[in-house]
Amino acid sequence: MTDLCERSVTTPIGELRLIADAEHLRAVLWPDERPADRGFSDLRSNGGDHPVLDAAQTQLGEYFAGERRSFDLPLAPAGTPFQRQAWAALRRIPFGETRTYAEQAAAIGRPTAARAIGAANGKNPLPVVVPCHRVIGADGSLTGFAGGVDTKRFLLDLEAGGAPDSPA
C-alpha cells in the first residue's frame, strides 16, 4: 500500500485532518473522526513538504477566507462505483447553490435513489472539498450531514456570502 500522510488544519469548523498519498488527497476527517473510522492505518504525520497536503491546506484556507469557490486538487476517494458517481455529482453543484437528494439522484440517472444518495453522501470521504453540504432535504431542511447541522449551516452561509458565526 502507498504511504499515507496526514496533516491537521485549523479551520472555522474545527481541526480537520487531511490524509493523502503521494499523488492524491484521500480524505478530510472531521474533528471527532479517527483515521481508523475511515479505514486508514499506519499514517505518518507530515510537517514537511508534501505537495498534495500543501495544496489542500492552502485551498481550504482560501475557501474559508471567501477567496475560493471550487477546489482544484487531485482526489482519490475510495468507494463503490455508485458512491463515486454520487460524489462526482456533488462536485457539479455550483458554489452557493443547493440541490435536494432527489435532484442529485436524478442528476446521475437514478431518480428513485434519493435514499441511496443520502447514504453515499454520508460516506463522502472528502467533505467540504466534495461539497455534500450543498444537498438538503426536499422541504429545504438541513439534514443528513456527518459534520452536524450547525456546520452545514455555517458552510452554506459562508457560500451565500454571509459572515457566519463559527459552529463550534
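Quick caveat, the model's predicted, so the values are computed rather than measured.

Scanning the entire structure with this criterion turns up four aromatic pairs. With 5.2 Å between their ring centres and 80° between their planes, Y63 and F64 make a pair best called edge-to-face. A relative accessible area of 1% places Y63 in the buried class. For the pair Y63 and F71, a centre-to-centre distance of 5.4 Å together with 40° between the ring planes defines the contact as tilted. For the pair Y63 and F71, a shared accessibility class is recorded, and that class is buried. Taken together, the ring pairs in this structure connect Y63, F64, F71 and F95 into an aromatic cluster.

A word on helix α1 (residues 51-64). An ideal rise of 1.5 Å per residue puts 20 Å on 14 residues; α1 measures up with 20 Å between its terminal C-alpha atoms. V52, L53, A56, Q59, L60, Y63 and F64 are the residues of α1 that are buried. Buried residues in α1, looked at end-on, bunch into an arc of 135°, giving them a common side. Lining the buried residues of α1 we find β1 (4-11), β2 (14-20), β3 (25-29) and α5 (149-159). Backbone geometry just downstream of α1 places G66 in the positive-phi region, at approximately 80°.

Okay, the pairing of β3 next. Most of β3 sits out of view: five of its five residues are buried. Relative to β3, β2 runs antiparallel, the two being bridged by four bridges. For A20, the partnering residue across the bridge sits in β3 and is L25. Taking the residues between adjacent antiparallel strands as the criterion, β2 and β3 are bridged by four residues.

The mixed open sheet is built from four strands, whose spatial order is β3-β2-β1-β4. The sheet terminates laterally at β3 and β4 (43-45), the two strands that pair on one side only. In this sheet, neighbouring strand axes are inclined to one another by 30° on average, regardless of whether the strands run parallel or antiparallel. The pairing of β1 with β4 spans three bridges and is parallel. Bridge pairing in β4 places C5 opposite R44.

About the cut-offs
Throughout this document, residue positions are counted from 1 along each chain, in the order its sequence is written. Thresholds applied to this predicted model are a pLDDT of at least 70 for local features of residues and 80 or more for the giving and counting of side-chain atom pairs; totals over whole chains, interfaces and linings are not thresholded and use all residues. Excluded from the side-chain calculations are hydrogens and water; all other atoms, namely the structure's heavy atoms, are used. Centres within 6.5 Å make a pair out of two Phe, Tyr or Trp rings, where for Trp the six-membered ring is used; the pair is then stacked when the planes are under 30 degrees apart, edge-to-face when over 60, and tilted otherwise. Between buried and exposed lies partly exposed: a residue is buried under 20% and exposed over 50% of the maximum accessible area for its type, with that area taken using a 1.4 Å probe on protein chains only. Numbering of helices and strands starts at the N terminus; helices are DSSP runs of H or I of at least 4 residues and strands are runs of E of at least 2. The length a helix should cover is 1.5 Å for every residue beyond the first. As used here, the arc belongs to the directions running from the helix axis to the C-beta atoms. The criterion used for residue contact is that any of the two residues' heavy atoms lie within 4.5 Å. Here, a strand pair is defined by DSSP locating no fewer than two bridges between the strands. In this analysis, axes come from line fits to C-alpha atoms, helices being fitted only over the stretch in contact, and the angle between any two N-to-C directions falls in the range 0 to 180 degrees.

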